[in-house]
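# Overview (structure and organization)
Here is what each chain is made of, one letter per residue.
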Amino acid sequence: MKNSVKILSVLTIVVAMAAFATSCEEDVMVISIALDKVTADVQVGATLDLNVIVTPADATNQEIKWSTSNAAVATVTDGTVTGVALGTATITAKAKSDTTKTSTCSVTIIPSNGQTITVTGEITTNTTWYSNAKYLLNGFVYVVNNATLTIQPGTIIKGVYGSKGALIVERGATINAAGTATQPIVFTSDRPVGQRAA
């Protein structure tokens, strides 16, 4: 009887150790993660899907936690980035099984097609005006503080009638505007043709 109990105990221990060993063998840890994009442009109101590459591919827990550095500019849910407002944000993917394993993507939110943007006051940081949007100068607009204003070819800029809309580049600041024959940069009035002063 005692021998039977001993044999049963030994068998129980062996089975338990075998189960533990199997569990350990199946627990494959995440070594690194990487996003398929390190930079991206997203239009306001549009979305972009970021994909995560997990190494090794057979890691046991491949769940990812997502975050954004500026939810007022861009949000992220399960890897889908949504443009909220013009600006930049850093999207971070982090392995849930090991929070030291991270990867980031710098996202720039650009205007939606046809979006009208009213510009006033001072431009104090490096700024780009995109050709898929229309810009209205409301009053005197100054490029200052050693900032660079880049205007893409094909961009249309209009001065708001009655506001003396004008673009002024102060000393030390820079404007980078190079239109082409097929994509000229146009400065004009917001008044209809035929109602503009000569």
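In this text the structure is predicted, and so the values were computed from the model without any measurement. (Residues numbered from 1 in each chain as written. Predicted model: local features only at pLDDT ≥ 70, side-chain atom pairs only at ≥ 80, totals over all residues. Heavy atoms only, no water.)

### Here's the deal with the layout of surface pockets
Estimated volume of the largest pocket: approximately 340 Å³. As for the largest pocket, its lining consists of 19 residues, and the residues nearest its centre are Leu-86, Gly-87, Thr-127, Thr-128 and Trp-129. Listing elements by their share of the lining of the largest pocket, those giving two or more residues are strand 8 (87-95), strand 9 (102-110), strand 10 (116-119), strand 11 (122-123) and strand 12 (127-129). A per-element tally of the lining of the largest pocket places strand 12 first, with three residues. For the lining of the largest pocket, the per-class residue count stands at nine nonpolar, nine polar and one charged. (1 Å grid on protein atoms, 1.4 Å probe; cavity = no way out; pocket = protein on both sides within 12 Å on 5 of 7 lines; lining within 4 Å. Points joined across faces, edges and corners; volume = space filled by probe spheres on them. Helix = DSSP H or I, 4+ residues; strand = E, 2+ residues; numbered from the N terminus. Nonpolar A, V, L, I, M, F, W, Y, C, P; charged D, E, K, R; others polar.)

### Points about the pattern of salt bridges
Inspection of every chain in the model, using the stated rule, returns three salt bridges. Between Glu-63 and Lys-96 there is a salt bridge, and its shortest N-O distance comes to 3.9 Å. Of this pair, Glu-63 sits in the loop between strand 4 (52-55) and strand 5 (64-68) while Lys-96 sits in the loop between strand 8 and strand 9; the two residues are 33 residues apart in sequence, bridging distant segments of the chain. The exposure class assigned to Lys-96 is partly exposed, which follows from its relative accessible area of 48%. When the shortest N-O distance is used, the salt bridge between Lys-101 and Asp-98 registers 2.7 Å. (Salt bridge = Lys/Arg side-chain N within 4 Å of Asp/Glu carboxyl O. Buried < 20%, exposed > 50% of the residue type's maximum accessible area, 1.4 Å probe, protein only.)

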